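Structural overview
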Amino acid sequence: FFFLLSSKHKMSLTYRRKIQKEGNAVPDELEQNVGQALYDLEQGSDLKQELKYLYIVSAKEVTVGPGKSAIVVVIPFRLLNNFRRIQTRLVHELEKKFAKNVVIIAQRRILQKPGRNNRVKRQKRPMSRTLTSVHNAMLDELVFPAEITGKRLRYKLDGSKQLKVYLDKKDQQAMEDKIDSFSAVYKKLTGKDTVFTFESQFRE
């Protein structure tokens, strides 16, 4: 009985090897489940070597529509290229596990614009840490491995703005069922109203 209890307790903690939250915060249930799924893939698939040193920093669920949601997996920026090598296969396995669209985003920090009232006024702000650069990078990661072929900002009659993102037609078959998830996730993360399409940018 003690052995069975110890084994169960050990298994229940294996997810911790695949998630490192800031400040040693306790992962929520979704994060534990994603961490456990990554650990299980590492142990029982041909992704073992690639996943060995990879981990996530958080995961969150975003509502896409009635009865539909997507999972956003946030990873350390320094591990982005490592994840990209296996991302198509990894996302496929996670989507099978959770029966939801899954997107992977790197963790980035936006630096305030230098000004009189903040401490960064004497520092040169890297272009990669500006709001625009971070949001553009997030777009690329959101649709990966699809490619963005163009963007167009539209102004609606009520004064609001909508970003239209054109994706490469060659990716349509693999990605078409995900574009509503892309819009919902990008809106949640940035507050921007965005439409993704595989139409040609030059037809309009």
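Residues numbered from 1 in each chain as written. Predicted model: local features only at pLDDT ≥ 70, side-chain atom pairs only at ≥ 80, totals over all residues. Heavy atoms only, no water.

1. Describing the overall build of the protein chain
Heads up, the condition is: Here a helix means four or more residues in a row that DSSP labels H or I, a strand means two or more in a row labelled E, and each is numbered from the N terminus. For every residue, the accessible area obtained with a 1.4 Å probe (protein chains only) is divided by the maximum for its type, and the residue is called buried under 20%, exposed over 50%, and partly exposed between those limits. Per-residue and other accessible areas follow the Shrake-Rupley method at a 1.4 Å probe size, with only the shown protein chains counted as cover for residues.
On a plain count of helices and strands, the protein chain comes out with 7 helices and 6 strands. Element order for the protein chain, N to C, with α for helix and β for strand: α-α-α-β-β-α-β-α-β-β-α-α-β. Split into buried and exposed, the 204 residues of the protein chain put 42% on the buried side. Total accessible area computed for the protein chain in this model is approximately 13100 Å², and 51% of it derives from carbon and sulfur atoms.

2. Comments concerning the environment of Ile86
For clarity, the cut-off: Residue contacts follow a heavy-atom distance rule, with two residues in contact if any of their heavy atoms lie within 4.5 Å.
Position of Ile86 relative to the elements: it lies in helix H4 (residues 80-98). Residue class for Ile86 comes out buried when judged on its relative accessible area of 7%. Sequence spacing of Ile86 and Leu51 is 35 residues, and the spatial spacing of their C-alpha atoms is 8.7 Å. If near-sequence neighbours (up to four positions away) are discounted, Ile86 is found in contact with Leu47, Glu50, Leu51 and Leu54.

3. Describing the pairing of strand S3 (residues 101-106)
The side chains of a regular strand alternate, residue by residue, between the two faces of the sheet. Convention followed: At least two DSSP bridges between two strands are needed for those strands to be called paired. The crossover handedness rule: strands pointing away from the viewer, path from first strand over the helix to second strand clockwise, crossover right-handed.
Of all 6 residues in S3, 6 are buried, a share of seventy percent or more. Alternating residues of S3 divide into Asn101, Val103 and Ile105 and Val102, Ile104 and Ala106, and every residue in both groups is buried. Where strand S2 (residues 68-75) lies against S3, 6 bridges are found, and the strand directions are parallel. Residue pairing for S3: Ile71 is matched across the bridge by Val102. Since S2 and S3 lie parallel, the crossover through H4 that links them has a hand, and here it is right-handed.

4. Things to note about the sheet that holds strand S5 (residues 161-167)
Under the convention used in this document: Structural elements are reduced to axes, namely lines fitted to C-alpha atoms, with helices fitted over the stretch in contact, and the angle between N-to-C directions of any two is expressed from 0 to 180 degrees.
Within the open sheet, the 3 strands sit side by side as S4-S5-S6. Their pairing is mixed. With one partner strand each, in any of the chains shown, strand S4 (148-155) and strand S6 (194-197) form the two edges of the open sheet. Taking each pair of neighbouring strands and ignoring which way they run, the sheet shows an average axis angle of 20 degrees. As judged from the 7 bridges shared by S4 and S5, these two strands associate in the antiparallel manner. What sits directly across from Tyr155, in S5, is Lys161. Docked against the sheet, helix H5 (residues 131-143) engages S4, S5 and S6, running at close to 125 degrees with respect to S4. In the packing of helix H7 (residues 179-190) onto the sheet, contacts are made with S5 and S6, and the angle to S6 comes to roughly 155 degrees.

5. Considering the packing of aromatic side chains
The description of an aromatic ring pair rests on the distance of the ring centres and on the angle between the ring planes. Note the threshold: Each aromatic pair joins two rings of Phe, Tyr and Trp (for Trp, the six-membered one) with centres within 6.5 Å, and gets the label stacked for planes under 30 degrees apart, edge-to-face for over 60, and tilted for any other angle.
In this structure the tally under the stated criterion is 1 aromatic pair. Between Phe182 and Phe196 the ring centres are 5.6 Å apart and the planes differ by 65 degrees, which places this aromatic pair in the edge-to-face class. Of the two residues, Phe182 is situated in helix H7 and Phe196 in strand S6; the sequence distance between them amounts to 14 residues. Summarising the burial analysis for this pair, Phe182 and Phe196 share the class buried.

6. Observations regarding the confidence of the model for the protein chain
What counts here: Each residue carries a pLDDT score, the predictor's confidence in it, ranging from 0 to 100.
Taken residue by residue, the protein chain gives an average pLDDT of 86. The fraction at 70 or more is 83%. The weakest mean pLDDT in the protein chain belongs to helix H1 (residues 2-12) at 46; the strongest belongs to S2 at 97.

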